[in-house]
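Results of the structural survey
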Amino acid sequence: MFDAEITIIGAGVVGLAIAEKISQHNPQVFVVEKHSTFGQETSSRNSEVIHAGIYYVKNSLKAKLCVEGKNLLYHFCDRYELPYHRCGKLIVATTEEEITALEQVEQKALSNGVADLYWMTQEEVKAMEPNLFAVKALFSPSTGVIDSYWYLKRLETNSINNGVQFAYSSVVTGIEKLTEGYQIDLNDADGQPFSFTSKKVINAAGLESFNIASMVGVNDEDLTIHFCKGEYFRIQPPKHKLLNRLVYPVPSKDALGIHVTIDMGGGVKLGPDVQYLDTNEYDYTLTPSRRKVFFESTHRFLPFLEEEDLIPEMAGIRPKTQTKDGPPRDFYIREESMRGLPGFVNLIGMESPGLTASLAIGNYVERLLNGQNDR
Ligand SMILES: Cc1cc2nc3c(=O)[nH]c(=O)nc-3n(C[C@H](O)[C@H](O)[C@H](O)COP(=O)(O)OP(=O)(O)OC[C@H]3O[C@@H](n4cnc5c(N)ncnc54)[C@H](O)[C@@H]3O)c2cc1C
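Predicted model only: the values in this text are computed from it and were never measured.

Turning next to the overall build of the protein. Assigned secondary structure in the protein consists of eight helices and 20 strands. Expected size for 375 residues packed as a compact globule is a radius of gyration near 21 Å; at 21 Å, the protein falls within 12% of this value. When its C-alpha atoms are laid out on the principal axes, the protein stretches across 70 × 40 × 40 Å. In the protein, which comprises 375 residues, the share counted as buried stands at 46%. If you take every contact in the protein between residues at least 6 apart in sequence, the share linking residues at least 24 apart comes to 73%.

So, in structure tokens, the structure goes:
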């Protein structure tokens, strides 16, 4: 007999979405989270964009789970009356040369099954967003923004209603493979060591997911997490009223580029930038001196903007398996029977679009636990 049937490590959006899904069919699901409540790390430090699924490598998990997750998320928001805004997103070319890059974006989107993008002329862009400059743009109508707090709260509530038990303020310190199942060691809310057994374990520990996997001997170098910080600057009132939609430049090889994000409170921010941290430290400090970089990379499509309009807002850290100069990497989501770890599921490198894809990830992990793999 095990103390728990399934233990999920981490109550970010990924752990919560998995808990919400698998608790519909499994009794005795535990969630262990080191903070005193859910969503205190990457899941509350992001752009809150419901991505359309445009940019990812064809047939990747990111592409597939983003497109599937987007539709599930809009449906979930409607069902539970959660705040979201399907505002759409403009991807803008500011020179004739950039139009070629936009054409490639359209092709990539089509190959991922995102067939609703459409072209807009300079005049049409002006009519939609009078304060924006673009010689041409692609509009993505299925992109939106969500209030992630209420989404996570609903996932937690549904999970509790399904019988999930949450152990907050509990830090997993070790995992041992038993003849059957696993022993999980943690420091509980009083700082006391405590151990229990679980038949199955799901590692949804975000920035710590590689360290958790290492506890059971999964320590392949290419699964190492590289902390990659992204900072945001807010456009101060009253100029925030000059934009109503998400606006992205043409993407570079490695990044989407500093873009305009609108939040549910009506705030408008620029970001995130891309800063690989030399050591994996939780560095959420803001760098006011980066304001110039933010201004210079956006004022070509935001001609009304002056550097003084920008104030530092917040920072998040991406859990990347991609190295600084390496190629883009896919989500790593595996049931580890092949490594002699039956019932152990690792989710590593859950960067963007992890929020958008979360409900699809929940479904995917449930299929893995049932011995199905649809890839
Ligand atoms: C700057 C930025 C912008 C982004 N923008 C978007 C966006 O617009 N749209 C989108 O779809 N995605 C976006 N993302 C990605 C998205 O935020 C992540 O994919 C998602 O939040 C990952 O969720 P998670 O549950 O895996 O990780 P987390 O939210 O980090 O949760 C992991 C949890 O595990 C817990 N934990 C870790 N170690 C232990 C331990 N030893 N014991 C117990 N608990 C532990 C942590 O405390 C944490 O709560 C963005 C990410 C960043 C950084």
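Within the largest apolar cluster, 100 residues are counted, with the highest numbers of intra-cluster contacts made by Ile8, Ile18, Val92, Ile202, Val247 and Ile361. In terms of residues, this core owes the most to one element, helix 2 (residues 61-80), which gives eight residues. Three or more residues apiece are contributed to this core by two domains, here domain 1 (4-46 + 149-224 + 328-369) and domain 2 (89-141 + 226-320). In contact with Ile18, other than residues within four places in its own chain, are Ile8, Ile202, Ala204, Ile361, Gly362 and Val365.

What follows is about the sheet that holds strand 8 (residues 144-146). Strands belonging to one sheet form pairs held by backbone hydrogen bonds; the direction of such a pair is parallel or antiparallel. Pairing is antiparallel across the open sheet formed by three strands, whose spatial order is 3-8-4. A single partner strand is all that each edge strand has here, and the edge strands are strand 3 (49-50) and strand 4 (84-85). In the sheet, strand 3 pairs with strand 8 via two bridges, with the strands oriented antiparallel. The partner of Val49 across the bridge, within strand 8, is Val145.

Glancing now at the domain arrangement of the protein. What the domain assignment lists for the protein is domain 1 (4-46 + 149-224 + 328-369) and domain 2 (89-141 + 226-320). A straight line from the C-alpha centre of domain 1 to that of domain 2 covers 31 Å. Class assignment for the residues of the side of domain 1 that touches domain 2 results in two nonpolar, six polar and two charged.

Given a rise of 1.5 Å per residue, 14 residues ought to cover 20 Å, and the 20 Å separating the end C-alpha atoms of helix 5 (residues 148-161) matches this to within 8%. Listed as buried for helix 5 are Ser148, Tyr151, Leu152, Leu155, Glu156 and Ser159. Taken around the axis of helix 5, the buried residues stretch over an arc of 135 degrees, which confines them to a single face. In helix 5, those exposed residues whose orientation departs by more than 90 degrees from the buried face are Thr157 and Asn161. The secondary structure elements touched by the buried residues of helix 5 are helix 1 (13-22), strand 8 and helix 8 (354-369). Looking at the residues trailing helix 5, positive phi occurs at Gly163, about 105 degrees.

Attention now goes to the site of the ligand. Surveying the vicinity of the ligand reveals 40 residues, the closest of which are Gly10, Gly12, Asn46, Gly206 and Gly354. Only helix 1, strand 10 (171-177), strand 18 (310-320) and helix 8 provide two or more residues apiece to the shell around the ligand. For the shell around the ligand, a count of residues per class yields 16 nonpolar, 16 polar and eight charged. Shared between two domains, the shell around the ligand holds at least three residues of each, these being domain 1 (4-46 + 149-224 + 328-369) and domain 2 (89-141 + 226-320).

The pairing of strand 10 with strand 11 (residues 182-187) spans six bridges and is classified as antiparallel. Pairing of Lys177 across the sheet is with Tyr182, part of strand 11.

Burial within strand 1 (residues 4-9) is extensive, with five of its six residues counted as buried. Of the strand pairs in this sheet, strand 1 and strand 12 (residues 193-203) are connected by five bridges, and their pairing is parallel. Note on strand 12: the bridge partner recorded for Ala4 is Ser198. The parallel pair strand 1 and strand 2 (residues 29-32), bridged by helix 1, forms a crossover whose chirality is right-handed.

Once that is clear, we can look at the packing of helix 2 against helix 8. The interhelical angle for the contact between helix 2 and helix 8, taken along N-to-C directions, is 105 degrees, at an axis separation of 6 Å. Here helix 2 lies roughly perpendicular to helix 8, going by the angle between them. On helix 8, the residues that touch Leu65, Cys66, Glu68, Gly69, Lys70, Leu72, Leu73 and Phe76 of helix 2 are Thr356, Ala357, Ser358, Leu359, Ala360, Ile361 and Tyr364. Of the residues in the contact of helix 2 with helix 8, the class split is ten nonpolar, three polar and two charged.

What follows is about unusual backbone geometry. A cis amide bond links Gly271 to the next residue, Pro272, at an omega of -10 degrees. Within the secondary structure, Pro272 sits in the loop between strand 16 (268-271) and strand 17 (275-276). A cis amide bond, omega 10 degrees, links Ser352 with the succeeding residue Pro353. Within the secondary structure, Pro353 is located in the loop between strand 20 (344-348) and helix 8.

Once that is clear, we can look at the environment of Arg339. When you line up the elements, Arg339 lands in the loop between strand 19 (332-335) and strand 20. The sequence separation of Arg339 and Val218 amounts to 121 residues, and the corresponding C-alpha distance is 8.1 Å.

Conventions and cut-offs
Residues numbered from 1 in each chain as written. Predicted model: local features only at pLDDT ≥ 70, side-chain atom pairs only at ≥ 80, totals over all residues. Helix = DSSP H or I, 4+ residues; strand = E, 2+ residues; numbered from the N terminus. Rg over C-alpha atoms; globule rule 2.2 N^0.38 Å. Buried ≥ 20, exposed ≤ 12 C-beta atoms within 10 Å, placed from the backbone. Contact = placed C-beta atoms within 7 Å. Core = buried A, V, L, I, M, F, W, Y, C linked by C-beta atoms within 7 Å. Domains from an automatic or database assignment. Pairing = 2+ DSSP bridges. Nonpolar A, V, L, I, M, F, W, Y, C, P; charged D, E, K, R; others polar. Expected span 1.5 Å × (residues − 1). Arc of directions from axis to C-beta. Near = placed C-beta within 6 Å. Right-handed = clockwise from strand over helix to strand, strands pointing away. Axes fitted to C-alpha atoms, helices over the stretch in contact; angles between N-to-C directions. Parallel < 35°, antiparallel > 145°, perpendicular 65-115°, else oblique.

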